[in-house]
Each structure stands twice: as C-alpha cells, then as structure tokens.
Amino acid sequence: MAKFIKDGLQSKSEKELQIEVSNEDILSPYYFPPPEDQMRQREVAEMFSTTVQTIINWSSSGKIPTFRIGKVPIYSRKLLIYIARNNRNLLKS
C-alpha cells in the first residue's frame, strides 16, 4: 500500500502510481475508479495515518472525493494521491 512520506523519499511503486495519475484523466466528472484503484475507509485512514472518523469527516466536508456503490463509500487511490500532492495539509505533521 502506498504511504505518504513527509520528507519526500518514496518507493518505486509510489513513483509509478504518480506517473499513472498524470496519464489518466481522473478529474473527469465521468471517472469511476476501477476495482484495482478502489479503497475502503480503513485503507484510506492507514494511507493518511489517521482515523476512519477523520476520513468520514473529510468526505462529508468535501476535502476528499467519495464514490458510492449503494451505501458503501469507495475512494480512488490515484485521485487521493493527486489531491494529497496538491493539498499538503491533509498529511500528518
């Protein structure tokens, strides 16, 4: 699982994910994450080193986008990486 590292050191898989983010039109209003890009709230909380409740709050306030399959919230790993790169205050100090 990709984790955000504050000092800028990144593993090879994280760099590959960043390349994929720039190649795909994830900002399209018609985008829905494919199964390999989908994450659950617990996985997003681990990725941001925070709690599930914080992820729920961020989703409710619009800080991070949420997709839904029925009542189940789904998150896009690529879109979250893109947002975190452009919004550093989401990352833990």
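Residues numbered from 1 in each chain as written. Predicted model: local features only at pLDDT ≥ 70, side-chain atom pairs only at ≥ 80, totals over all residues. Heavy atoms only, no water.

Visitor: Got a sec to walk through helix α4 (residues 77-86)? Specific residues and values, please.
Guide: Among the 10 residues in α4, 7 count as buried, and that is most of the element. Taken together, the buried positions of α4 are occupied by R77, K78, L79, L80, I81, I83 and A84. (Buried < 20%, exposed > 50% of the residue type's maximum accessible area, 1.4 Å probe, protein only. Helix = DSSP H or I, 4+ residues; strand = E, 2+ residues; numbered from the N terminus.)

Visitor: Any chance you could break down the pairing of strand β3 (residues 72-76) for me, citing the residues and the numbers?
Guide: Counting buried positions over the 5 residues of β3 gives 4, a clear majority of the element. With 2 bridges connecting them, strand β1 (residues 38-39) and β3 associate as antiparallel partners. Residue pairing across strands places Q38 opposite S76, the latter belonging to β3. One ladder, built from 3 bridges, connects strand β2 (residues 67-69) with β3; its direction is antiparallel. Counterpart to F67 in the pairing with β3 is I74. Two successive antiparallel strands, β2 and β3, enclose a turn made up of 2 residues, where G70 displays a positive phi of approximately 70°. (Pairing = 2+ DSSP bridges.)

Visitor: For the nonpolar core, give the residues involved together with the corresponding values.
Guide: Counting 20 residues, the largest nonpolar core has V44, F48, I55, I64, Y75 and L80 as its most contacted members. Elements with a minimum of two residues in this core: α2 (41-47), α3 (52-61), β3 and α4. In terms of residue count, α4 provides more of this core than any other element does, 5 residues in total. (Core = buried A, V, L, I, M, F, W, Y, C linked by side-chain atoms within 4.5 Å.)

Visitor: Give me the packing of aromatic side chains: which residues, what numbers.
Guide: Scanning the model with the defined rule gives 3 aromatic pairs in all. For the pair Y31 and F67, a centre-to-centre distance of 6.2 Å together with 70° between the ring planes defines the contact as edge-to-face. With Y31 in the loop between α1 (12-23) and β1 and F67 in strand β2, this residue pair connects regions lying 36 residues apart in the sequence. The exposure classification of Y31 matches that of F67, with both residues buried. These aromatic residues form a ring-pair network of at least three members: Y31, F32 and F67. (Phe/Tyr/Trp six-rings, centres within 6.5 Å; stacked < 30°, edge-to-face > 60°.)

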